[in-house]
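Chain and residue survey
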Amino acid sequence: MGITATIREPAEGLTVPGKKSLDPILKTENLWKLYRAGKVDVPALRGVNFAVAPGESVAVMGPSGCGKSSLLYVIGGLAQASKGRVLVDGNDLSAMSDAERTKLRRSKIGFVFQRFNLLPTLPAKGNIAIAQFIHGDGFDPHRFEVVTSLLGLAGRLQHKPSELSGGEQQRVAIARAIINEPKILLADEPTGNLDSKNSEVVLQMLRQLNKDLGQTIVMITHNPEATAYFDRVVHMRDGVIVDGVPAD
Amino acid sequence: MMGELVVRNLIHRPLRTLIGVLAVGVEVALIVLIVGLTSGMLSETAKRIEGIGADIMVQPPAASILINFSGSPMPTKIGEKLAELKYVQATAPALLQFNSSGSVDTIWGIEPESFRAVSSGFVFLEGHDLEGPDDILVDDWAAKAKNLKPGDTFNLLNHDWHVAAIIEHGKGARLFVPLTTLQDLVGAHDKASIFLIKCTRPEHTEDVMAEARQLIPGYTIRPLSAFLSLMTSTNIPGLQTFINVMIWLAVTIGLLVVFLTMYTTVIERTRDIGVLKSLGAGRAFIVRALLTESAGLCLIGILAGIGLSYLARAAFLAGFPTLSILITWPWILRAGGIALLGAMLGASYPAWIASRKDAVEALSYD
């Protein structure tokens, strides 16, 4: 199966600028997330209502500590919501056990992090292949070649993360995130540790994945220039979304 | 993929892996060597006793099969009575004296003629039989260990002995002296520790033993052919317990080192565990990855332990030629299995901790 398998027919029900009306692939309803700090519950999310259509790319902006990363972790199933609902491709994460969320994450969600988070002991090839291994379908050489070629990694696969530039590491991380064709790609400030040149390369790749392959992307960023690569920008403040407008 | 992950993780921290491997290796070597030394010494002693060539050994009542630690409570006249029994071809008294001064030795006091009659004699590599009261026969292993040759003077039991001959090993003891001289030295006049009996035919052994039991009731009478099967750790009081304790100590050391190794591994790889969870790895995957790594480390350690056992044995035998260390594959496999089980136990708690780490906290770990 090739990378084109990620292109999916949009469903009806949600309006995305420049795209059809679609049912959301990702939706939160009155989402709360509380963290325990000593004896006090500190709210990171305070009733977030948020929806993303299939094939949509959304940038989430806001000041540090506004709850952007918490939102990403909760909709990605890495953290459990304290209250409210999270629907991922029709599955209610808030009603799922940790094991069920893990299984869903394995098949439907890919993560890209600011600090790349590659396994330091494995070369680039192993870092990508391990996602396939965890997914359970084993190593798919065709899919692997398509993804690594798309991300320009063909000549760097035997190198360990410490031997790769920041841009290359992030491209390996993106390859790892999309190798199993997840429906949703969640990126937590993926350009935060990159210079402007590499940031642009990564953003263009994310846009290419979105435009050419229909990959749904939610990305957190502090960089206003990065929003130009996305369909929509939402702003967060104090644990809530304060607006959500189409990007220019 | 799991194999590659495990191998690369082991290679990533070579010093830590080396420490873990050494700990398991020492654990395996300790087990193999302790069991090998006890069984080797017992087996070698039994073979030497069997190698005498006599058919029956008579000991005092309630005597241990560890004859080297016997006293000398039997009057030599018992031998004369035993010689009169039907089917008895010859009898020979022997006085056994344990010496731990300078070196650990057991000296047998014998009468050359009677001992020759029950054992068909020694094989002399150099020198001659016991002739004078201060003569001593030394077997080839002891001669090598003590660097002795015929004509040398050798002080033992605070007495200067004249080395009369180097004999082939395997005839009961490593050092033989005249019975009367040894009796005088230890103050055991007309006393013996054991009597050896040679029957007219081996098949008469049971008959002779039955008659001897009637003649000297309560005395310990054993066929020499049974010594090899009797000389096991389970027949020596306390020895099996000692071996078990040593095995448990070795396992505990291995378990603790593997525990610490894997625990530090888990702490160091906290972020990696978060990454694996973000990729959809479940708890079982995390546990499997760490246990596989521990098993890999342990298997290398077992191989190192086998090598270490043979090296240690070679070193011991070079320094102490009279030692016998029996390394057997059943015990190597058993030691390996014990080490593997210990490693799995040692790694199980760190693996459990890792599997339960919060993914978000793990991803933000520095």
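Here the residue numbers are simple positions, counted from 1 along each chain's written sequence. Each chain is given a letter, starting from A, and each ligand a number, starting from 1, according to the order in which they appear as written. Only residues with pLDDT of at least 70 get local features here, since the model is predicted, and only at 80 or more are side-chain atom pairs given and counted; chain-wide, interface and lining totals rely on the full set of residues. Side-chain measures here rest on the full set of heavy atoms in the structure, leaving out hydrogens and waters.

Counted as salt bridges are all cases of a side-chain nitrogen of Lys or Arg within 4 Å of a carboxyl oxygen of Asp or Glu. Following the criterion strictly, the structure yields 23 salt bridges over all chains and no others. Between Asp98(A) and Arg101(A) there is a salt bridge whose closest N-O contact spans 3.9 Å. Here Asp98(A) pairs with Arg101(A), and both are found in helix 2 (residues 98–108), just three residues apart, close to one helical turn. Classification of Asp98(A) as partly exposed rests on a relative accessible area of 32%. Here's how the labels work: a residue is buried when its accessible area is under 20% of the maximum for its type, exposed when over 50%, partly exposed in between, all with a 1.4 Å probe on protein chains only. For Arg101(A), a relative accessible area of 6% gives the class buried. Note that Arg13(B) is salt-bridged to Glu268(B), the shortest N-O span being 2.4 Å. Pair noted here: Arg13(B) is in the loop between helix 1 (2–12) and helix 2 (14–50) and Glu268(B) is in helix 9 (residues 239–268), with a separation of 255 residues, a long-range link. Salt bridges sharing partners connect three or more residues here, namely Lys27(A), Glu29(A), Arg85(A) and Asp92(A). Numbered from the N terminus, helices here are DSSP runs of H or I no shorter than four residues, and strands are runs of E no shorter than two.

Any pair of residues with heavy atoms lying within 4.5 Å of one another is described as a contacting pair. In this assembly, 23 residues from chain B lie in contact with 25 residues from chain A. Put simply, buried area is how much 1.4 Å-probe accessible surface two parts lose in total, over both of them, once they are put together. When chain B packs against chain A, the two sides together hide about 2300 Å² of surface, and 67% of this comes from carbon and sulfur. Summed over the three residues of chain B that lose the most area to chain A, namely Met1(B), Leu279(B) and Val360(B), the buried surface amounts to 27% of that side. Counting across the interface, chain B meets chain A through one salt bridge.

Each regular strand carries side chains that alternate between the two faces of the sheet. Residues and elements named next belong to chain A. Pairing between strands is defined by DSSP: at least two bridges between the two strands are required. The sheet contact formed by strand 1 (residues 26–37) and strand 4 (residues 83–88) spans five bridges and is antiparallel. Bridge pairing in strand 4 places lysine 27 opposite leucine 87. One ladder, built from two bridges, connects strand 4 with strand 5 (residues 91–92); its direction is antiparallel. Bridge pairing in strand 5 places valine 88 opposite asparagine 91. Between strand 4 and strand 5, which pair antiparallel and follow one another directly, the connecting turn spans two residues, one of which, aspartate 89, has a positive phi of 50°.

It is worth spelling out the environment of Ile302(B) at this point. Residue and element names in this part refer to chain B. Structurally, isoleucine 302 can be placed in helix 11 (residues 283–319). Separated by 30 residues in sequence, isoleucine 302 and isoleucine 332 have C-alpha atoms that sit 8.8 Å apart. In this view, isoleucine 302 contacts Val24, Val28, Gly336 and Ala339; residues no more than four positions away in its chain are not counted.

With that out of the way, let us pick up the domain arrangement of chain B. A domain assignment, automatic or from a database, supplies the domain bounds used here. Segmenting chain B into domains produces domain 1 (2–43 + 238–363) and domain 2 (61–218). Relative placement of domain 1 of chain B and domain 2 of chain B: their C-alpha centres are 47 Å apart.

This part takes up the sheet that holds strand 4 of chain A. If you trace the four strands from one edge of the open sheet to the other, you get 2-1-4-5 (chain A), paired in antiparallel fashion. Unpaired on one side and paired on the other, strand 2 (40–52) and strand 5 of chain A mark the two borders of the sheet.

Here the focus is a nonpolar patch on the surface. Residues and elements named next belong to chain B. The residues that make up patches have over 30% relative accessible area and no salt bridge, and they are joined within 9 Å when like-charged or within 5 Å when they are Val, Leu, Ile, Met, Phe, Trp or Tyr. Per-residue accessibility takes into account occlusion by the displayed protein chains alone, with areas from the Shrake-Rupley method and a 1.4 Å probe. Together, Val26, Leu30, Ile253, Leu308 and Leu311 make up a nonpolar patch on the protein surface, roughly 410 Å² of accessible area in all. Elements supplying a minimum of two residues to the nonpolar patch: helix 2 and helix 11. Within the secondary structure layout, isoleucine 253 lies in helix 9.

Attention now moves to the packing of helix 2 of chain B against helix 11 of chain B. Residues and elements named next belong to chain B. Following both chains from N to C, one finds helix 2 and helix 11 inclined at 50°, their axes separated by 7 Å at the closest point. Of the possible angle classes, the one that applies to helix 2 and helix 11 is oblique. The hand of the helix 2/helix 11 crossing is right-handed. Contact residues: helix 2 offers Thr17, Gly20, Val21, Val24, Gly25, Val26, Val28, Ala29, Val32 and Leu33, while helix 11 offers Leu297, Cys298, Ile300, Gly301, Ile302, Ala304, Gly305, Ile306, Leu308, Ser309, Ala312 and Arg313. In this classification, Asp, Glu, Lys and Arg are treated as charged, Ala, Val, Leu, Ile, Met, Phe, Trp, Tyr, Cys and Pro as nonpolar, and every other residue, Gly included, as polar. Its residues placed into classes, the contact of helix 2 with helix 11 shows 15 nonpolar, six polar and one charged. Structural elements are reduced to axes, namely lines fitted to C-alpha atoms, with helices fitted over the stretch in contact, and the angle between N-to-C directions of any two is expressed from 0 to 180 degrees. What sets the label is the angle itself: under 35 degrees gives roughly parallel, over 145 gives roughly antiparallel, 65 to 115 gives roughly perpendicular, and the rest give oblique. Take the far helix as the reference: if the near one is turned anticlockwise from it by less than a right angle, the crossing is left-handed, and if turned clockwise, right-handed.

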